[in-house]
There are 2 protein chains.
Amino acid sequence: MANIKDIAKKAGVSVTTVSRVLNNHPYVSEGKRKAVLLAIEESNYQRNINAVHLSKGETLLIGVVVPFTNHPYFGLLVEGIANEAMKNNYKLVLFQTNYEADREIEALKMLQYKQIDSLIICSRICGWEIINQFTEYGPIVLCEDARNHNVSSTFIDHYISFTNALEYLHNKGHYKVGYCIGRKSGSSSRQRGKAYADFLSRINERYNEEYIFYECLNFEHGEDVVRRLSSMDNPPTALLVTNDIAAAGIVTSCREIGIRIPDDLAIMGFDNQPISKIMHITTLEIPLVQMGRNLLLQALDGEKHTHEEISVKLIERQTV
Amino acid sequence: MANIKDIAKKAGVSVTTVSRVLNNHPYVSEGKRKAVLLAIEESNYQRNINAVHLSKGETLLIGVVVPFTNHPYFGLLVEGIANEAMKNNYKLVLFQTNYEADREIEALKMLQYKQIDSLIICSRICGWEIINQFTEYGPIVLCEDARNHNVSSTFIDHYISFTNALEYLHNKGHYKVGYCIGRKSGSSSRQRGKAYADFLSRINERYNEEYIFYECLNFEHGEDVVRRLSSMDNPPTALLVTNDIAAAGIVTSCREIGIRIPDDLAIMGFDNQPISKIMHITTLEIPLVQMGRNLLLQALDGEKHTHEEISVKLIERQTV
DNA sequence: TTAATTTATGAAACGCATTTCAGAGCAAGA
DNA sequence: TCTTGCTCTGAAATGCGTTTCATAAATTAA
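Quick caveat, the model's predicted, so the values are computed rather than measured.

Draft legend 1. Examining the relation of the copies chain B and chain A more closely. The two copies are related by a screw motion: chain B maps onto chain A through a turn of 180° and a shift of 0.0 Å along the axis, at an RMSD of 0.1 Å. Given the turn and translation reported, the copies of this chain are related as if by a two-fold rotation axis. Scanning chain B for the C-alpha nearest the rotation axis identifies Val93(B), at a separation of 2.2 Å. The overlap is high: 98% of the interface residues of chain B also sit at the interface in chain A, so the same surface is used on both sides.

Draft legend 2. Seen up close, the protein's contact with DNA strand D. Around DNA strand D sit 24 residues, and of these Ile4(A), Tyr45(A), Ser55(A), Tyr27(B) and Ser29(B) come closest. The share of sugar and phosphate among atoms of DNA strand D within 4 Å of the protein is 62%. A distance of 2.6 Å is found between a phosphate oxygen of DNA strand D and a side-chain nitrogen or oxygen belonging to Ser29(B). Secondary-structure elements contributing two or more residues to the surface near DNA strand D are helix H2 (15-22) and helix H4 (49-56) of chain A together with helix H2 (15-22) and helix H4 (49-56) of chain B. Each residue belonging to the surface near DNA strand D can be placed in one class, and the counts come to nine nonpolar, twelve polar and three charged.

Draft legend 3. Main features of the pairing of strand S1 (residues 61-66) of chain B. Residues and elements named next belong to chain B. Counting buried positions along S1 gives six out of six residues, so the element sits mostly inside the fold. Of the two faces of S1, both are covered, the one formed by Leu61, Gly63 and Val65 as well as the one formed by Ile62, Val64 and Val66. One ladder, built from six bridges, connects S1 with strand S2 (residues 91-96); its direction is parallel. Residue pairing for S2: Leu61 is matched across the bridge by Lys91. Once the chain exits S1 it traverses helix H5 (residues 72-87) before rejoining the sheet at S2, and the crossover so formed is right-handed. Of the strand pairs in this sheet, S1 and strand S3 (residues 118-121) are connected by four bridges, and their pairing is parallel. If you follow Ile62 over to S3, its bridge partner there is Ser118.

What counts, and where the lines are drawn
- All chains use their own residue numbering, which begins from 1 and follows the written sequence.
- All chains are assigned letters beginning with A, and all ligands numbers beginning with 1, in the order in which they are written.
- Only residues with pLDDT of 70 or above have their local features reported here, since the model is predicted, and side-chain atom pairs are shown and tallied only from 80 upward, although totals for entire chains, interfaces and linings are computed over all residues.
- Think of the side-chain values as coming from all heavy atoms in the structure, minus any hydrogens and water.
- We place the copies in one frame by least squares, fitting the C-alpha atoms of every residue whose pLDDT is at least 70 in both.
- Two residues qualify as a contact provided that any one of their heavy atoms is within 4.5 Å of a heavy atom in the partner residue.
- Each residue is tested against the molecule or strand, and it is near if at least one of its non-hydrogen atoms lies within 4 Å.
- N or O atoms closer than or at 3.5 Å make up a polar contact, with two conditions inside protein: a donor-capable atom paired with an acceptor-capable one, and, for residues adjacent in sequence, both atoms drawn from side chains.
- Helix and strand definitions here come from DSSP, where helices need a minimum of 4 consecutive H or I residues and strands a minimum of 2 consecutive E residues; each element is numbered from the N-terminal end.
- Note that Gly is not counted as nonpolar here; it falls among the polar residues with everything else outside the nonpolar set of Ala, Val, Leu, Ile, Met, Phe, Trp, Tyr, Cys and Pro and the charged set of Asp, Glu, Lys and Arg.
- We call a residue buried when its accessible area falls under 20% of the maximum for its residue type, exposed when it is over 50%, and partly exposed in between, using a 1.4 Å probe and counting protein chains only.
- Only when DSSP finds a minimum of two bridges between them are two strands counted as paired.
- By convention, a crossover is right-handed whenever its connection, traced from the first strand over the helix to the second and viewed with the strands pointing away, goes clockwise.

So, in structure tokens, the structure goes:
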């Protein structure tokens with residue numbers, strides 16, 4: 001395959017001039033430009049992108065770390081990221097971690113090795129002591145409140161939004177409120193846990209371990225929740241479900257065994273996924289696509305670290 | 001930052017020897033190996049991955065083309081691809097095309113430019129006349145029957161599986177059968193359309209344009225289908241829905257307006273997504289994760305073109 | 001007219017690791 | 001003893017484009 005040198009020879013110019021033509025630099029006379037373009041055409045020349053990467057030290061690749069690609073929450077987030085990446089001529093390298101720290105470290109190492117220009121971590125597993133070791137190698141963008149760290153972030157205030165949702169349920173007369181969440185650890189889970197604990201003490205209710213459901217990620221997990229629910233002596237009258245799909249699963253399973261919603265059990269979802277609209281699930285809208293877009297822009301912005309809080313909106317429908 | 005030359009100097013060996021150590025070549029004496037490793041350690045040396053790529057002419061990157069990242073069908077497929085990629089130390093570059101041909105061409109060009117080692121196209125938009133132009137640049141793997149082409153493929157026989165599903169419905173007493181599908185064009189849609197037409201003529205039914213529903217991709221699209229259905233004078237008594245999520249949406253919307261399933265309307269899904277189990281939707285199981293794995297292995301296999309047909313299985317539940 | 005810019009061009013340095021090739025040294029087999 | 005055949009090592013070639021620097025030529029400004 002022809003390389004830039006061949007083109008230069010063929011067009012009777014220097015490689016510098018060829019490079020200028022390829023990169024649309026000014027200061028190339030019309031005659032030479034034409035000659036170069038002709039030579040490129042005739043030799044069917046293709047720039048070796050890896051040589052460009054080596055030379056420029058950048059790859060136009062952005063890493064995206066998600067625990068699961070196949071999850072509606074991250075699906076929307078990645079959709080936003082992908083759309084914006086497209087606009088900016090960047091491509092995405094996808095890291096599916098399954099919440100294994102090693103996978104996340106692999107992604108960080110790709111940043112270190114310069115195989116990607118920056119890294120977006122949609123849900124972090126590694127501790128900050130690890131992340132911080134890599135901030136020097138390139139922009140890292142988080143999808144959580146990271147205002148005290150050497151990265152950029154786009155996030156929502158989980159404490160406030162959880163509190164709002166809880167208060168909403170309380171105003172509707174619920175005081176036996178439980179919640180379903182994806183994982184025990186993680187920064188958002190902590191914030192939500194705190195909001196929950198504070199809410200309970202505000203309304204003078206006792207913390208009941210039974211009212212918290214973990215591993216609530218998908219439609220099918222709703223079944224487990226409802227099973228546990230129906231075996232309880234003193235079940236909650238309302239459930240905050242941090243993900244509409246799981247909420248939809250719960251609603252579906254409830255219908256099946258005759259638990260009336262919202263009369264027997266009120267359900268409040270999160271995200272405002274399309275499914276929540278169809279199933280009339282009251283939910284807290286999180287503009288995931290928009291957040292994704294923002295994450296990518298921050299990743300491109302490189303040097304300066306910015307932090308953007310996105311606000312959520314409660315959407316009243318028929319499950320509370 | 002240190003490079004391989006610095007390490008060579010520091011360790012008192014040639015760059016060749018350093019490279020040998022880095023790549024675990026044999027024929028390096030223990031003494032020199034140790035010296036090199038020490039020098040690497042002390043200089044905090046990082047191999048420049050782009051130089052490696054340039055030199056080796058490969059990137060350990062595999063492109064994956066999907067119309068939407070945020071769709072359960074492709075979600076499972078990508079999950080399988082990602083898992084297998086991980087095992088083989090490959091990373092994925094994700095191309096979300098939204099079914100725009102230009103996006104797919106971009107991916108093909110990245111193959112041409114050697115920024116990716118091979119390309120998996122999960123759902124093709126471009127015609128073969130375009131794909132064929134790129135087969136010389138690296139392995140291309142399709143998720144459709146491509147036995148007559150210069151690529152590898154993992155696929156299911158949509159004609160047969162659609163036929164089986166239709167016959168199953170027919171055996172249950174249905175002859176007014178319609179179907180819901182994602183898009184009008186595309187190879188799988190054509191195969192299914194043919195199976196449908198052949199089925200109709202076999203049972204002596206007239207082709208009814210109204211019985212076919214397009215753009216049926218997601219849960220929310222079920223609503224539209226049901227709306228159209230309920231306004232029909234002579235609606236079908238059974239519906240084949242090429243995607244469980246859409247089927248679930250249809251089931252949900254039907255319940256809402258009192259269409260009984262399967263009595264008033266039988267629903268048959270596709271994929272055997274988790275949601276279909278929960279909602280007891282009769283479906284045709286497509287082992288998407290396994291297919292994804294296979295696609296990746298074929299992508300790695302490079303030179304030789306293989307074609308693997310995956311068989312599907314009808315799973316009887318309660319919506320037919 | 002002279003000085004200061006701007007335009008245009010190419011040689012050479014730079015980014016960096018892998019691989020081929022040639023050769024030295026040593027051991028095993030004939 | 002002589003021939004093969006490993007083991008080990010490094011110089012040099014290879015992959016390829018970008019960018020800096022020096023310089024010449026053409027303009028514009030003073």
